[in-house]
Structure formats: C-alpha cells, structure tokens
Amino acid sequence: EDCSWSLLSSPLSINAFYIRQINSVVVPFGLLSGFLQYLPNLPPYISDAQISFVLAHELLHSVDPTGLGWDENGKLSDIFDPVSLSRYENKLECLEISANTASSQEESYQGRRVRLNTKPEVTVAETLCDVEAVKIVSRMFDMTPRIGGSTFTPEQLLFLNIAQGFCGVMGTAAKVIHLHLSPHSLSRHRIDNLAMFSRQFSTAFQCPVGSRLNPPNSCVVFGSRVNQ
C-alpha cells in the first residue's frame with residue numbers, strides 16, 4: 001500500500017522510530033545523511049557502528065513490551081505462548097530493577113537538592129532495545145585494523161563510538177522535564193546501561209566482576225548469560 005511518509009515524520013528529522021502497526025522502521029534523511037559520507041580510511045567498526053546501533057535498536061522494538069502484541073503483518077496477535085511470556089516478563093523485571101537501581105542520582109537546583117529518578121516501568125522498553133542492540137552490533141564487525149596513534153583497542157573504540165551518540169549537556173531542570181516526558185533514561189544512564197549489561201564491554205575494558213559497570217548478576221533477556 002502507498003504510504004505518505006511525510007505524515008509520519010519530517011524528512012529532516014534526526015530521530016528514527018519503529019511503527020508496530022505496519023511493522024516498519026522509519027529512518028528520516030536528516031538522521032541518515034550523517035552516515036552517508038564515504039570514509040575509506042575508517043574501519044567499519046567506526047564508520048558504521050552508530051547507524052547499525054540505531055537500526056538494531058528500532059528493530060528490537062518489535063519484541064519489546066509494547067511490540068509483543070503485534071505480528072509480522074502489524075496485526076494484534078499473541079506471538080508468545082504463556083510459558084514464554086512469563087519467562088520474558090520475569091527477565092524484563094530483572095532488567096527494570098537493575099537499571100533503576102543504577103540510575104538514581106541527586107543534583108542541586110536553585111539551592112535545593114533534587115532527586116532524579118527514572119521511572120523503570122516507562123523506560124524499560126527503551127533500555128531493553130539499547131542493551132540488546134549493543135550486543136548485536138558488538139558482534140557484527142571485523143575488529144581490524146587498529147586505528148593508528150590510538151591507545152584504545154578496536155573493541156573499546158566501538159563502544160566509545162556508540163556512546164558518543166548520547167553525549168550532551170543537560171541542565172537539572174531539563175533533566176526533570178525529560179524524565180517526565182520521555183520514555184528514555186537520561187543519556188548518562190543509557191550509556192551506563194549499555195555497559196552494565198554487556199559481556200563484550202566488560203571484556204574490552206577489563207572491568208572486574210562486582211565493579212559498577214560489571215555487576216555480578218547482570219540480567220539477560222534474550223539468549224543465555226554464557227553467550228552474552
């Protein structure tokens with residue numbers, strides 16, 4: 001069927017999104033244009049990692065808590081049997097609790113202390129897609145060659161490259177508004193979650209078990225802990 005994509009998003013938008021009713025990922029030109037430059041001297045784990053992460057994240061919305069009720073044709077359907085759904089919900093609860101515990105923080109605003117608490121029931125879908133997307137991307141690329149003059153390994157550079165997509169400065173008032181209106185955690189917490197639930201990150205940066213970014217019992221929603 002013909003679809004007027006301009007009704008869904010401006011071509012100049014820099015935000016990709018998933019539409020479950022038509023089982024489609026929309027990547028506006030405004031976002032894609034930043035990745036269309038031909039950079040022959042950069043290895044793919046640098047030039048293609050961020051856009052690969054974006055696409056993987058959006059595709060994973062088809063199996064997040066809001067996408068499970070839809071089949072491949074965008075029709076309402078129970079795609080999990082009751083036993084699988086129960087296991088999925090238990091694993092998701094683990095992720096929700098772990099991410100929420102790590103994301104609480106306090107800041108000063110106009111002489112008062114303000115506690116910034118993420119609402120885990122709101123952000124868990126985005127957290128799941130972030131966590132699983134970085135696992136996919138970290139297994140996609142041939143980690144050669146090394147970047148000349150860099151002290152980081154290719155594996156470390158891949159994670160740093162993805163994390164830079166979330167870098168930015170936000171004031172306390174803006175953070176409060178963001179947490180009220182957005183389904184995403186704050187950027188710093190999104191980066192932390194990417195690391196906390198990634199075995200590849202812990203290996204690349206040699207994070208000891210029990211450290212902040214390598215908790216001893218990190219949650220695994222898809223796959224097994226051994227294969228993460």
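Keep in mind it's a predicted model, so treat the numbers as computed, not measured.

A short note on helix α6 (residues 154-164)
Count 3.6 residues to each turn of an α-helix, and residues three or four apart come out pointing the same way. α6 sits mainly inside the fold: 8 of its 11 residues count as buried. Taken together, the buried positions of α6 are P154, Q156, L157, L158, F159, N161, I162 and A163. The secondary structure elements touched by the buried residues of α6 are α2 (44-47), α3 (49-60), α5 (120-137), α8 (187-196) and α9 (199-205).

Things to note about the packing of aromatic side chains
Counting across every chain of the model gives 5 aromatic pairs. An angle of 90° between the planes, with centres 5.4 Å apart, marks the rings of F159 and F201 as edge-to-face. Of the two residues, F159 sits in helix α6 while F201 sits in helix α9, which places them 42 residues apart along the sequence. Of the two residues, F159 and F201, neither departs from the other in class, the shared state being buried. An aromatic cluster of at least three residues, connected via ring pairs, comprises F80, Y88 and F222.

Describing the layout of surface pockets
Considering only enclosed or pocket space, the largest pocket measures out at about 560 Å³ in volume. Surrounding the largest pocket, 21 residues form its lining, N15, V54, E58, F166 and R190 being those nearest its centre. At the level of elements, β1 (17-19), α3 and α5 are the ones that each hand at least two residues to the lining of the largest pocket. Examining the composition of the lining of the largest pocket, we find that 5 residues originate from one element, α3, more than from any other. The class makeup of the residues in the lining of the largest pocket is 10 nonpolar, 6 polar and 5 charged. Here the second largest pocket defines a volume of roughly 240 Å³.

Considerations on the state of the cysteines
The full count for this structure, using the stated rule, is 1 disulfide. Disulfide pairing is shown between C94 and C219; the S-S distance is 1.9 Å. On the sign convention where negative is left-handed, the bridge of C94 and C219, at about -75° about the S-S bond, is left-handed. With C94 in helix α4 (residues 82-103) and C219 in the segment after α9, this residue pair connects regions lying 125 residues apart in the sequence. With a relative accessible area of 3%, C219 lands in the buried category. C129 takes part in no disulfide bond, and the closest cysteine sulfur, belonging to C219, lies 16 Å away. With no disulfide of its own, C207 has C167 as its nearest cysteine by sulfur position, at a separation of 17 Å.

A closer look at the environment of H61
By the secondary structure assignment, H61 is in the loop between α3 and α4. When the C-alpha atoms of H61 and Y18 are compared, they prove to be 6.6 Å apart, with 43 residues separating the residues in sequence. Filtering out sequence-adjacent residues up to four positions away, H61 remains in contact with Y18, G67, A125, E126 and C129. A distance of 2.5 Å separates the side chain of H61 from the side chain of D64, its partner in a polar contact.

About the criteria used
- Residues numbered from 1 in each chain as written.
- Predicted model: local features only at pLDDT ≥ 70, side-chain atom pairs only at ≥ 80, totals over all residues.
- Heavy atoms only, no water.
- Buried < 20%, exposed > 50% of the residue type's maximum accessible area, 1.4 Å probe, protein only.
- Helix = DSSP H or I, 4+ residues; strand = E, 2+ residues; numbered from the N terminus.
- Contact = heavy atoms within 4.5 Å.
- Phe/Tyr/Trp six-rings, centres within 6.5 Å; stacked < 30°, edge-to-face > 60°.
- 1 Å grid on protein atoms, 1.4 Å probe; cavity = no way out; pocket = protein on both sides within 12 Å on 5 of 7 lines; lining within 4 Å.
- Points joined across faces, edges and corners; volume = space filled by probe spheres on them.
- Nonpolar A, V, L, I, M, F, W, Y, C, P; charged D, E, K, R; others polar.
- Disulfide = S-S within 2.5 Å.
- Polar contact = N/O pair within 3.5 Å; in protein donor to acceptor, adjacent residues only side chain to side chain.

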